[in-house]
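# Topology and contacts: notes
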Amino acid sequence: MTAKLWGGRFRKEQDKRALLYSQSITFDYRLYPYDIGGSIAYAKMLGRCGFIKKKDTDAIEKALSDILAQMDAEKFSFDIDLEDIHTNIEAALVTRVGADIGGRLHTGRSRNDQVALDMRMYVKDEALEIRGGLQQVRRALIAQAEKNLDAVMPGFTHLQHAQPVLLAHHLLAYNEMLVRDEERFLKAYEAADVMPLGSAALAGTSFQIDRQFLAKELNFAKLSNNSIDAVSDRDYLIELLSACATFMMHISRLSEELILWSSSEFGFVEMDDAFTTGSSIMPQKKNPDIAELARARTAKVYGNLMTLLCLMKGLPLAYNRDLQEDKPCVFDSVDIVRDTLDVFAPMIETLVVNAKRMEQECKAGFLNATDLADYLVKKDVPFRQAHAIVGKVVSFCIRENAAIEDLPLEKLQEFSPLFQKDVYKEISLAAVINSRRAPGGTARPNVLKAIRRAKKDLGME
Ligand code: ARG
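Since the structure is predicted, the reported quantities are computational estimates derived from the model, not experimental observations.

Another aspect to go through is the overall build of the protein chain. Assigned secondary structure in the protein chain consists of 20 helices and six strands. At 31 Å, the protein chain has a C-alpha radius of gyration far larger than the 23 Å of a compact globule built from 461 residues. Summarising its shape, the C-alpha atoms of the protein chain cover approximately 100 × 50 × 45 Å along the three principal directions. Looking at the protein chain residue by residue over its 461 residues, the buried ones come to 48%. Long-range contacts, defined here as pairs at least 24 residues apart, represent 75% of the contacts in the protein chain between residues at least 6 apart. Accessible area of the protein chain: about 23,000 Å², with a carbon and sulfur share of 52%. In the protein chain, 60 side chains carry a positive charge and 65 a negative one; their mean positions are 2 Å apart.

Below, the structure is given as C-alpha coordinates:
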(Lines give C-alpha, C1' and ligand atoms only; values in the text may rest on other atoms or scores of the structure.)
Protein backbone atom coordinates (compact mmCIF):
# COMPACT_ATOMS: atom_id res chain seq x y z
CA MET A 1 0.00 0.00 0.00
CA THR A 2 1.19 3.52 -0.79
CA ALA A 3 2.26 5.52 2.27
CA LYS A 4 -0.49 7.84 3.47
CA LEU A 5 -0.02 11.55 3.38
CA TRP A 6 -1.57 11.63 6.83
CA GLY A 7 -0.05 8.36 8.03
CA GLY A 8 2.22 9.77 10.78
CA ARG A 9 0.03 9.23 13.80
CA PHE A 10 -1.32 5.82 12.74
CA ARG A 11 0.03 2.49 13.93
CA LYS A 12 -2.02 0.38 11.60
CA GLU A 13 -2.62 0.54 7.88
CA GLN A 14 -6.04 1.52 6.65
CA ASP A 15 -8.29 -1.41 5.86
CA LYS A 16 -8.73 -1.86 2.13
CA ARG A 17 -12.51 -1.77 2.51
CA ALA A 18 -12.33 1.53 4.35
CA LEU A 19 -10.11 2.92 1.64
CA LEU A 20 -12.46 1.83 -1.13
CA TYR A 21 -15.38 3.26 0.77
CA SER A 22 -13.76 6.63 1.27
CA GLN A 23 -11.73 7.22 -1.87
CA SER A 24 -12.92 9.87 -4.30
CA ILE A 25 -10.31 9.62 -7.05
CA THR A 26 -12.70 7.61 -9.22
CA PHE A 27 -14.78 10.77 -9.64
CA ASP A 28 -12.75 13.78 -8.48
CA TYR A 29 -9.91 13.03 -10.94
CA ARG A 30 -11.70 15.40 -13.28
CA LEU A 31 -10.81 18.33 -11.04
CA TYR A 32 -7.15 17.94 -12.01
CA PRO A 33 -6.84 21.10 -14.18
CA TYR A 34 -8.18 23.20 -11.32
CA ASP A 35 -6.16 21.45 -8.65
CA ILE A 36 -2.97 21.93 -10.63
CA GLY A 37 -3.85 25.50 -11.64
CA GLY A 38 -4.54 26.29 -7.99
CA SER A 39 -1.29 24.67 -6.87
CA ILE A 40 0.80 26.54 -9.42
CA ALA A 41 -0.66 29.84 -8.24
CA TYR A 42 -0.12 28.78 -4.64
CA ALA A 43 3.52 27.86 -5.28
CA LYS A 44 4.13 31.22 -6.95
CA MET A 45 2.57 32.99 -4.01
CA LEU A 46 4.66 31.01 -1.51
CA GLY A 47 7.73 31.95 -3.55
CA ARG A 48 6.85 35.65 -3.63
CA CYS A 49 6.18 35.68 0.09
CA GLY A 50 9.52 34.01 0.82
CA PHE A 51 8.24 30.65 2.07
CA ILE A 52 10.03 28.74 -0.66
CA LYS A 53 13.10 29.53 -2.70
CA LYS A 54 12.71 30.90 -6.20
CA LYS A 55 14.38 27.88 -7.78
CA ASP A 56 12.13 25.53 -5.81
CA THR A 57 9.07 27.45 -6.95
CA ASP A 58 10.25 27.05 -10.52
CA ALA A 59 10.82 23.34 -10.02
CA ILE A 60 7.34 22.89 -8.54
CA GLU A 61 5.77 24.87 -11.34
CA LYS A 62 7.57 22.89 -14.01
CA ALA A 63 6.70 19.55 -12.40
CA LEU A 64 3.04 20.50 -12.03
CA SER A 65 2.89 21.60 -15.68
CA ASP A 66 4.36 18.23 -16.68
CA ILE A 67 1.77 16.41 -14.59
CA LEU A 68 -0.96 18.50 -16.20
CA ALA A 69 0.28 17.62 -19.69
CA GLN A 70 0.43 13.97 -18.73
CA MET A 71 -3.12 14.05 -17.41
CA ASP A 72 -4.37 15.95 -20.46
CA ALA A 73 -2.86 13.21 -22.62
CA GLU A 74 -4.56 10.60 -20.43
CA LYS A 75 -1.15 9.11 -19.67
CA PHE A 76 -1.31 9.55 -15.90
CA SER A 77 -2.34 6.57 -13.88
CA PHE A 78 -4.35 7.59 -10.85
CA ASP A 79 -3.69 5.58 -7.74
CA ILE A 80 -6.73 4.64 -5.72
CA ASP A 81 -4.53 4.15 -2.63
CA LEU A 82 -3.92 7.88 -2.74
CA GLU A 83 -7.59 8.59 -2.04
CA ASP A 84 -8.27 11.72 -4.01
CA ILE A 85 -7.10 14.08 -6.70
CA HIS A 86 -5.19 16.33 -4.29
CA THR A 87 -3.03 13.56 -2.89
CA ASN A 88 -2.51 11.97 -6.29
CA ILE A 89 -1.11 15.21 -7.63
CA GLU A 90 0.94 15.91 -4.52
CA ALA A 91 2.47 12.44 -4.63
CA ALA A 92 3.32 12.84 -8.32
CA LEU A 93 4.92 16.18 -7.52
CA VAL A 94 7.03 14.69 -4.74
CA THR A 95 8.14 11.90 -7.07
CA ARG A 96 9.37 14.51 -9.51
CA VAL A 97 10.97 17.15 -7.28
CA GLY A 98 11.62 15.23 -4.08
CA ALA A 99 9.95 15.49 -0.69
CA ASP A 100 12.15 18.33 0.45
CA ILE A 101 10.78 20.66 -2.21
CA GLY A 102 7.38 19.10 -3.00
CA GLY A 103 6.59 18.79 0.68
CA ARG A 104 6.58 22.59 1.07
CA LEU A 105 3.64 23.26 -1.22
CA HIS A 106 1.11 22.48 1.47
CA THR A 107 2.43 25.26 3.74
CA GLY A 108 -0.64 27.04 5.11
CA ARG A 109 -2.97 25.01 2.93
CA SER A 110 -5.36 22.17 3.67
CA ARG A 111 -7.23 19.84 1.38
CA ASN A 112 -10.31 21.53 2.77
CA ASP A 113 -9.63 24.90 1.20
CA GLN A 114 -8.00 23.18 -1.76
CA VAL A 115 -11.13 21.23 -2.65
CA ALA A 116 -13.27 24.32 -2.08
CA LEU A 117 -11.08 26.18 -4.54
CA ASP A 118 -11.15 23.39 -7.14
CA MET A 119 -14.93 23.16 -7.06
CA ARG A 120 -15.34 26.91 -7.34
CA MET A 121 -13.05 27.03 -10.36
CA TYR A 122 -14.91 24.10 -11.89
CA VAL A 123 -18.30 25.76 -11.40
CA LYS A 124 -17.12 29.02 -12.95
CA ASP A 125 -15.89 27.22 -16.08
CA GLU A 126 -18.96 25.06 -16.41
CA ALA A 127 -21.41 27.90 -15.85
CA LEU A 128 -19.87 29.75 -18.79
CA GLU A 129 -19.83 26.63 -20.96
CA ILE A 130 -23.48 26.03 -20.18
CA ARG A 131 -24.27 29.62 -21.02
CA GLY A 132 -22.71 29.10 -24.46
CA GLY A 133 -24.77 25.93 -24.91
CA LEU A 134 -27.95 27.74 -23.93
CA GLN A 135 -27.25 30.35 -26.55
CA GLN A 136 -26.86 27.64 -29.20
CA VAL A 137 -30.26 26.22 -28.34
CA ARG A 138 -31.74 29.72 -28.38
CA ARG A 139 -30.26 30.30 -31.82
CA ALA A 140 -31.90 27.10 -33.07
CA LEU A 141 -35.28 28.12 -31.62
CA ILE A 142 -35.06 31.57 -33.14
CA ALA A 143 -34.02 30.21 -36.53
CA GLN A 144 -37.07 27.93 -36.53
CA ALA A 145 -39.30 30.82 -35.47
CA GLU A 146 -38.01 32.92 -38.31
CA LYS A 147 -38.22 30.13 -40.87
CA ASN A 148 -41.83 29.41 -39.88
CA LEU A 149 -42.98 32.94 -39.18
CA ASP A 150 -46.31 32.40 -40.91
CA ALA A 151 -47.14 29.03 -39.39
CA VAL A 152 -50.23 29.24 -37.19
CA MET A 153 -51.09 26.64 -34.61
CA PRO A 154 -53.74 26.10 -32.00
CA GLY A 155 -52.54 27.43 -28.68
CA PHE A 156 -53.55 25.18 -25.80
CA THR A 157 -54.75 25.49 -22.25
CA HIS A 158 -55.50 22.27 -20.38
CA LEU A 159 -54.19 20.64 -23.59
CA GLN A 160 -57.47 21.72 -25.21
CA HIS A 161 -57.60 24.03 -28.20
CA ALA A 162 -57.72 27.57 -26.82
CA GLN A 163 -56.73 30.38 -29.17
CA PRO A 164 -54.62 30.40 -32.30
CA VAL A 165 -51.03 31.58 -32.01
CA LEU A 166 -48.05 31.78 -34.29
CA LEU A 167 -45.76 28.79 -33.89
CA ALA A 168 -42.95 31.36 -33.74
CA HIS A 169 -44.57 32.95 -30.69
CA HIS A 170 -44.74 29.56 -29.00
CA LEU A 171 -41.09 28.83 -29.79
CA LEU A 172 -40.05 32.25 -28.55
CA ALA A 173 -41.67 31.45 -25.21
CA TYR A 174 -38.91 28.87 -24.77
CA ASN A 175 -36.35 31.46 -25.79
CA GLU A 176 -37.54 33.64 -22.90
CA MET A 177 -37.21 30.74 -20.46
CA LEU A 178 -33.69 30.04 -21.65
CA VAL A 179 -32.73 33.71 -21.34
CA ARG A 180 -33.67 33.49 -17.67
CA ASP A 181 -31.78 30.21 -17.38
CA GLU A 182 -28.71 32.00 -18.67
CA GLU A 183 -29.14 34.59 -15.93
CA ARG A 184 -29.45 31.84 -13.34
CA PHE A 185 -26.19 30.24 -14.49
CA LEU A 186 -24.48 33.62 -14.39
CA LYS A 187 -25.71 34.06 -10.82
CA ALA A 188 -24.24 30.65 -9.97
CA TYR A 189 -20.99 31.83 -11.54
CA GLU A 190 -20.98 34.90 -9.32
CA ALA A 191 -21.74 32.83 -6.24
CA ALA A 192 -18.74 30.62 -7.03
CA ASP A 193 -16.47 33.56 -7.76
CA VAL A 194 -15.02 33.77 -4.24
CA MET A 195 -11.45 32.63 -3.51
CA PRO A 196 -11.20 30.37 -0.42
CA LEU A 197 -7.43 29.66 -0.22
CA GLY A 198 -5.96 30.87 3.04
CA SER A 199 -8.78 29.31 5.02
CA ALA A 200 -6.67 26.17 5.47
CA ALA A 201 -8.41 23.46 7.48
CA LEU A 202 -10.98 25.79 9.04
CA ALA A 203 -9.37 28.48 11.15
CA GLY A 204 -7.15 30.23 8.61
CA THR A 205 -3.37 30.15 8.56
CA SER A 206 -0.63 31.65 10.70
CA PHE A 207 1.56 32.22 7.63
CA GLN A 208 1.41 35.70 6.15
CA ILE A 209 0.27 34.52 2.75
CA ASP A 210 -0.89 36.84 -0.02
CA ARG A 211 -4.52 36.00 -0.67
CA GLN A 212 -4.99 38.99 -2.98
CA PHE A 213 -2.27 37.68 -5.24
CA LEU A 214 -3.96 34.27 -5.34
CA ALA A 215 -7.32 35.80 -6.23
CA LYS A 216 -5.75 37.81 -9.03
CA GLU A 217 -3.71 34.91 -10.33
CA LEU A 218 -6.74 32.60 -10.32
CA ASN A 219 -9.16 35.21 -11.68
CA PHE A 220 -11.47 35.48 -8.69
CA ALA A 221 -13.55 38.59 -8.06
CA LYS A 222 -13.52 38.33 -4.27
CA LEU A 223 -11.85 36.74 -1.27
CA SER A 224 -13.85 34.70 1.20
CA ASN A 225 -14.46 36.63 4.42
CA ASN A 226 -14.62 33.78 6.87
CA SER A 227 -12.43 30.70 6.86
CA ILE A 228 -15.04 28.46 8.50
CA ASP A 229 -17.68 29.44 5.97
CA ALA A 230 -15.24 29.07 3.08
CA VAL A 231 -14.44 25.42 3.80
CA SER A 232 -17.86 24.29 4.90
CA ASP A 233 -20.62 25.79 2.81
CA ARG A 234 -21.69 24.49 -0.56
CA ASP A 235 -24.52 26.94 -1.21
CA TYR A 236 -22.95 28.00 -4.50
CA LEU A 237 -23.23 24.38 -5.67
CA ILE A 238 -26.87 24.36 -4.64
CA GLU A 239 -27.37 27.49 -6.74
CA LEU A 240 -25.75 25.76 -9.69
CA LEU A 241 -27.84 22.60 -9.24
CA SER A 242 -30.94 24.70 -8.86
CA ALA A 243 -30.16 26.47 -12.16
CA CYS A 244 -29.61 23.01 -13.70
CA ALA A 245 -32.95 21.78 -12.35
CA THR A 246 -34.88 24.79 -13.63
CA PHE A 247 -33.27 24.53 -17.04
CA MET A 248 -34.08 20.83 -17.27
CA MET A 249 -37.66 21.58 -16.25
CA HIS A 250 -37.89 23.89 -19.25
CA ILE A 251 -36.26 21.38 -21.58
CA SER A 252 -38.53 18.67 -20.26
CA ARG A 253 -41.62 20.70 -21.13
CA LEU A 254 -40.24 21.30 -24.61
CA SER A 255 -39.47 17.59 -24.88
CA GLU A 256 -42.99 16.70 -23.88
CA GLU A 257 -44.34 18.98 -26.61
CA LEU A 258 -41.97 17.61 -29.23
CA ILE A 259 -43.05 14.09 -28.29
CA LEU A 260 -46.72 15.02 -28.58
CA TRP A 261 -46.25 17.06 -31.72
CA SER A 262 -44.45 14.30 -33.54
CA SER A 263 -47.21 11.77 -32.80
CA SER A 264 -49.56 10.97 -35.68
CA GLU A 265 -52.42 12.44 -33.64
CA PHE A 266 -50.75 15.85 -33.77
CA GLY A 267 -48.42 15.55 -36.74
CA PHE A 268 -47.18 19.12 -36.18
CA VAL A 269 -43.49 18.36 -36.57
CA GLU A 270 -41.18 15.69 -37.82
CA MET A 271 -37.86 15.18 -36.16
CA ASP A 272 -34.84 14.56 -38.31
CA ASP A 273 -33.92 10.88 -38.73
CA ALA A 274 -30.55 11.63 -37.19
CA PHE A 275 -32.19 12.56 -33.88
CA THR A 276 -34.69 9.74 -33.57
CA THR A 277 -34.51 5.99 -33.14
CA GLY A 278 -36.27 2.98 -34.60
CA SER A 279 -37.90 -0.06 -33.07
CA SER A 280 -36.36 -3.52 -33.03
CA ILE A 281 -39.69 -5.11 -33.84
CA MET A 282 -41.93 -2.53 -35.50
CA PRO A 283 -40.32 -1.52 -38.78
CA GLN A 284 -42.50 1.56 -39.24
CA LYS A 285 -41.47 3.27 -36.01
CA LYS A 286 -39.59 6.52 -35.61
CA ASN A 287 -39.36 7.39 -31.98
CA PRO A 288 -38.48 10.64 -30.18
CA ASP A 289 -36.10 8.93 -27.74
CA ILE A 290 -33.80 11.92 -27.28
CA ALA A 291 -36.67 14.07 -26.01
CA GLU A 292 -37.86 11.21 -23.80
CA LEU A 293 -34.42 10.77 -22.29
CA ALA A 294 -34.15 14.48 -21.59
CA ARG A 295 -37.50 14.27 -19.82
CA ALA A 296 -36.21 11.32 -17.78
CA ARG A 297 -32.84 12.88 -16.95
CA THR A 298 -34.67 15.90 -15.61
CA ALA A 299 -35.67 13.60 -12.76
CA LYS A 300 -32.01 12.83 -12.04
CA VAL A 301 -31.10 16.49 -12.04
CA TYR A 302 -33.91 17.24 -9.57
CA GLY A 303 -32.67 14.33 -7.47
CA ASN A 304 -29.13 15.69 -7.41
CA LEU A 305 -30.35 19.03 -6.10
CA MET A 306 -32.36 17.27 -3.41
CA THR A 307 -29.37 15.06 -2.51
CA LEU A 308 -27.16 18.06 -1.97
CA LEU A 309 -29.76 19.96 0.04
CA CYS A 310 -30.29 16.91 2.25
CA LEU A 311 -26.56 16.28 2.53
CA MET A 312 -26.01 19.79 3.87
CA LYS A 313 -28.91 20.18 6.23
CA GLY A 314 -27.58 18.55 9.38
CA LEU A 315 -23.86 19.22 9.00
CA PRO A 316 -22.15 20.96 11.88
CA LEU A 317 -19.47 23.46 10.89
CA ALA A 318 -16.87 23.19 9.50
CA TYR A 319 -15.58 20.50 7.10
CA ASN A 320 -17.08 17.02 7.29
CA ARG A 321 -16.28 14.21 4.92
CA ASP A 322 -19.93 14.21 3.88
CA LEU A 323 -18.94 17.16 1.72
CA GLN A 324 -17.01 14.85 -0.57
CA GLU A 325 -20.35 13.53 -1.78
CA ASP A 326 -21.22 16.88 -3.36
CA LYS A 327 -19.14 15.97 -6.37
CA PRO A 328 -21.04 13.07 -7.93
CA CYS A 329 -24.28 15.12 -7.82
CA VAL A 330 -22.67 18.20 -9.29
CA PHE A 331 -20.77 16.35 -12.02
CA ASP A 332 -23.83 14.33 -12.97
CA SER A 333 -26.10 17.36 -13.28
CA VAL A 334 -23.56 19.41 -15.20
CA ASP A 335 -22.90 16.51 -17.58
CA ILE A 336 -26.60 15.98 -18.19
CA VAL A 337 -27.18 19.68 -18.83
CA ARG A 338 -24.23 19.94 -21.19
CA ASP A 339 -25.12 16.78 -23.10
CA THR A 340 -28.73 17.91 -23.36
CA LEU A 341 -27.76 21.30 -24.75
CA ASP A 342 -25.38 19.64 -27.16
CA VAL A 343 -27.99 17.39 -28.69
CA PHE A 344 -30.97 19.76 -28.50
CA ALA A 345 -29.42 22.55 -30.57
CA PRO A 346 -29.13 20.42 -33.74
CA MET A 347 -32.31 18.49 -32.96
CA ILE A 348 -34.31 21.72 -32.90
CA GLU A 349 -32.45 23.13 -35.87
CA THR A 350 -33.38 20.15 -38.04
CA LEU A 351 -37.00 19.94 -36.96
CA VAL A 352 -39.42 19.98 -39.91
CA VAL A 353 -42.65 21.83 -39.26
CA ASN A 354 -45.90 20.73 -40.88
CA ALA A 355 -47.55 24.14 -41.11
CA LYS A 356 -50.47 22.79 -43.14
CA ARG A 357 -51.38 20.31 -40.47
CA MET A 358 -51.14 22.93 -37.75
CA GLU A 359 -53.37 25.29 -39.67
CA GLN A 360 -55.87 22.53 -40.27
CA GLU A 361 -56.09 21.97 -36.53
CA CYS A 362 -56.84 25.66 -36.06
CA LYS A 363 -60.21 25.04 -37.69
CA ALA A 364 -61.28 22.71 -34.91
CA GLY A 365 -62.10 23.67 -31.37
CA PHE A 366 -63.61 27.16 -31.84
CA LEU A 367 -60.33 28.99 -31.47
CA ASN A 368 -62.10 32.20 -32.52
CA ALA A 369 -64.83 32.04 -29.87
CA THR A 370 -63.14 34.68 -27.69
CA ASP A 371 -62.91 36.95 -30.69
CA LEU A 372 -66.56 36.51 -31.47
CA ALA A 373 -67.32 37.64 -27.93
CA ASP A 374 -64.85 40.54 -28.28
CA TYR A 375 -66.74 41.57 -31.44
CA LEU A 376 -69.87 42.05 -29.35
CA VAL A 377 -67.92 43.85 -26.62
CA LYS A 378 -66.75 46.34 -29.22
CA LYS A 379 -70.45 46.92 -29.90
CA ASP A 380 -70.90 47.79 -26.26
CA VAL A 381 -72.15 44.45 -24.94
CA PRO A 382 -70.68 43.76 -21.46
CA PHE A 383 -68.11 40.95 -21.76
CA ARG A 384 -69.99 38.56 -19.46
CA GLN A 385 -73.14 38.81 -21.62
CA ALA A 386 -71.08 38.44 -24.79
CA HIS A 387 -69.45 35.35 -23.27
CA ALA A 388 -72.89 33.83 -22.61
CA ILE A 389 -74.15 34.57 -26.13
CA VAL A 390 -71.09 33.03 -27.76
CA GLY A 391 -71.39 30.04 -25.44
CA LYS A 392 -74.77 29.40 -26.98
CA VAL A 393 -73.36 29.84 -30.51
CA VAL A 394 -70.66 27.27 -29.72
CA SER A 395 -73.18 24.86 -28.25
CA PHE A 396 -75.25 25.14 -31.42
CA CYS A 397 -72.16 24.59 -33.59
CA ILE A 398 -71.25 21.45 -31.65
CA ARG A 399 -74.69 20.02 -32.27
CA GLU A 400 -74.50 20.94 -35.96
CA ASN A 401 -70.88 19.86 -36.28
CA ALA A 402 -69.99 23.24 -37.76
CA ALA A 403 -67.39 25.93 -37.19
CA ILE A 404 -68.55 29.40 -36.14
CA GLU A 405 -67.52 30.91 -39.44
CA ASP A 406 -69.62 28.30 -41.28
CA LEU A 407 -72.86 29.72 -39.86
CA PRO A 408 -74.75 32.10 -42.16
CA LEU A 409 -75.25 35.63 -40.90
CA GLU A 410 -78.98 35.14 -40.32
CA LYS A 411 -78.18 32.26 -38.01
CA LEU A 412 -75.66 34.31 -36.05
CA GLN A 413 -78.15 37.12 -35.80
CA GLU A 414 -80.57 34.77 -34.04
CA PHE A 415 -78.08 34.82 -31.17
CA SER A 416 -77.48 38.57 -31.38
CA PRO A 417 -78.77 41.13 -33.86
CA LEU A 418 -75.49 42.99 -33.44
CA PHE A 419 -73.64 40.51 -35.67
CA GLN A 420 -73.02 42.07 -39.09
CA LYS A 421 -71.24 40.97 -42.24
CA ASP A 422 -67.88 42.25 -41.00
CA VAL A 423 -67.92 39.63 -38.25
CA TYR A 424 -66.45 36.98 -40.60
CA LYS A 425 -63.36 39.04 -41.23
CA GLU A 426 -62.91 39.70 -37.53
CA ILE A 427 -63.00 36.04 -36.63
CA SER A 428 -60.78 34.83 -39.48
CA LEU A 429 -57.61 33.08 -38.38
CA ALA A 430 -55.29 35.86 -39.55
CA ALA A 431 -57.38 38.57 -37.90
CA VAL A 432 -57.61 36.65 -34.66
CA ILE A 433 -53.85 36.32 -34.47
CA ASN A 434 -53.00 39.79 -35.67
CA SER A 435 -55.45 41.54 -33.39
CA ARG A 436 -53.34 40.49 -30.41
CA ARG A 437 -51.11 43.44 -30.76
CA ALA A 438 -50.72 44.48 -27.12
CA PRO A 439 -47.01 44.07 -26.26
CA GLY A 440 -46.16 40.43 -25.66
CA GLY A 441 -49.07 39.14 -27.78
CA THR A 442 -48.92 36.85 -30.78
CA ALA A 443 -49.63 39.40 -33.57
CA ARG A 444 -47.21 38.93 -36.45
CA PRO A 445 -45.54 42.37 -36.14
CA ASN A 446 -44.91 41.72 -32.44
CA VAL A 447 -43.40 38.34 -33.13
CA LEU A 448 -41.25 39.72 -35.92
CA LYS A 449 -39.96 42.38 -33.55
CA ALA A 450 -39.26 39.75 -30.89
CA ILE A 451 -37.30 37.68 -33.40
CA ARG A 452 -35.25 40.70 -34.42
CA ARG A 453 -34.54 41.56 -30.80
CA ALA A 454 -33.53 37.99 -29.98
CA LYS A 455 -31.28 37.78 -33.04
CA LYS A 456 -29.57 41.01 -32.14
CA ASP A 457 -29.13 39.81 -28.59
CA LEU A 458 -27.34 36.71 -29.85
CA GLY A 459 -25.36 38.47 -32.56
CA MET A 460 -27.18 36.49 -35.25
CA GLU A 461 -27.40 39.27 -37.86
N1 ARG B 1 -11.69 14.29 -1.13
C2 ARG B 1 -12.07 15.28 -0.17
C3 ARG B 1 -13.39 15.94 -0.56
O4 ARG B 1 -13.74 15.87 -1.68
C5 ARG B 1 -11.00 16.31 -0.08
C6 ARG B 1 -10.95 16.98 1.24
C7 ARG B 1 -10.49 16.03 2.25
N8 ARG B 1 -10.34 16.62 3.52
C9 ARG B 1 -10.33 15.88 4.63
N10 ARG B 1 -10.22 16.52 5.72
N11 ARG B 1 -10.46 14.58 4.60
O12 ARG B 1 -14.06 16.53 0.27
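There's more to say after this.
Mapped onto the elements, Lys 124 comes out in helix 7 (residues 111–147). For Lys 124, a relative accessible area of 6% corresponds to the buried category. A polar contact of 2.7 Å, which involves the side chain of Lys 124, links it to the side chain of Asp 193. With near-sequence residues (within four places) excluded, Lys 124 lies in contact with Tyr 189, Ala 192, Asp 193, Leu 218, Asn 219 and Phe 220.

Our focus in this paragraph is unusual backbone geometry. Omega for the bond connecting Leu 317 with Ala 318 falls within 30 degrees of zero, at 5°, which places this linkage in the cis form. You can see Ala 318 is positioned in the loop between helix 12 (289–313) and helix 13 (326–349). For Phe 366, which is not a glycine, the phi torsion comes out positive at approximately 55°. In this fold, Phe 366 is placed in the loop between helix 14 (355–361) and helix 15 (369–378). Residue classification places Phe 366 among the partly exposed residues on the basis of a relative accessible area of 21%.

Looking now at the site of the ligand. By nearness alone, every residue bordering the ligand is listed as Ser 24, Asp 28, Asp 84, His 86, Arg 111, Asn 112, Val 115, Tyr 319, Gln 324 and Lys 327. One of the side-chain nitrogen or oxygen atoms of Asn 112 is found 3.0 Å away from a nitrogen atom of the ligand. Computed on the free molecule, the ligand has an accessible area of 350 Å², of which 87% lies beneath the protein chains in the complex. Classifying every residue of the shell around the ligand by side-chain character gives two nonpolar, four polar and four charged.

A separate point is helix 15. All buried positions along helix 15 are accounted for by Ala 369, Asp 371, Leu 372, Ala 373, Tyr 375 and Leu 376. On its buried side, helix 15 packs onto helix 16 (383–400), helix 18 (423–426) and helix 19 (429–434). The first or second residue beyond helix 15 is Asp 380, which carries a positive phi of 75°.

We now examine the pairing of strand 2 (residues 160–166). As paired strands, strand 1 (residues 152–157) and strand 2 are joined by six bridges and run antiparallel to one another. Following the sheet pairing, Met 153 is matched in strand 2 by Val 165. Hairpin connection of strand 1 to strand 2: two residues between the antiparallel strands, including His 158 at a positive phi of 55°.

Our focus in this paragraph is the packing of helix 8 (residues 167–192) against helix 20 (residues 444–457). Two numbers describe how helix 8 lies on helix 20: the axes approach to 10 Å, and their chain directions differ by 35°. The hand of the helix 8/helix 20 crossing is left-handed. Contacts from Ala 168, His 169, Leu 172 and Asn 175 of helix 8 reach helix 20 at Val 447, Ala 450, Ile 451 and Ala 454.

Turning next to helix 4 (residues 54–72). Residues separated by three or four positions in an α-helix point in the same direction, a consequence of the helix having 3.6 residues per turn. With 19 residues, helix 4 extends 27 Å between its outermost C-alpha atoms, agreeing within 8% with the 27 Å of an ideal straight helix rising 1.5 Å per residue. All of the buried residues along helix 4 are Asp 56, Thr 57, Ile 60, Ala 63, Leu 64, Ile 67 and Met 71. For helix 4, the buried positions fall inside an angular range of 135° around the axis, keeping them on one side. Residues of helix 4 that are exposed and angled more than 90 degrees away from the buried face: Lys 54, Lys 55 and Lys 62. Looking at the buried positions of helix 4, the neighbouring elements they touch are helix 3 (32–48), helix 5 (85–97) and helix 6 (99–102). Two residues or fewer past helix 4, Glu 74 is found with a positive phi of approximately 60°.

Criteria and cut-off values
- Residues numbered from 1 in each chain as written.
- Predicted model: local features only at pLDDT ≥ 70, side-chain atom pairs only at ≥ 80, totals over all residues.
- Heavy atoms only, no water.
- Helix = DSSP H or I, 4+ residues; strand = E, 2+ residues; numbered from the N terminus.
- Rg over C-alpha atoms; globule rule 2.2 N^0.38 Å.
- Buried < 20%, exposed > 50% of the residue type's maximum accessible area, 1.4 Å probe, protein only.
- Contact = heavy atoms within 4.5 Å.
- Areas by Shrake-Rupley, 256 points an atom, 1.4 Å probe, with all protein chains shown as cover.
- Lys, Arg positive; Asp, Glu negative; His and termini not counted.
- Charge placed at Lys NZ, Arg CZ, Asp CG, Glu CD.
- Polar contact = N/O pair within 3.5 Å; in protein donor to acceptor, adjacent residues only side chain to side chain.
- Near = heavy atom within 4 Å.
- Nonpolar A, V, L, I, M, F, W, Y, C, P; charged D, E, K, R; others polar.
- Pairing = 2+ DSSP bridges.
- Axes fitted to C-alpha atoms, helices over the stretch in contact; angles between N-to-C directions.
- Left-handed = near helix turned anticlockwise from the far one by under 90°.
- Expected span 1.5 Å × (residues − 1).
- Arc of directions from axis to C-beta.

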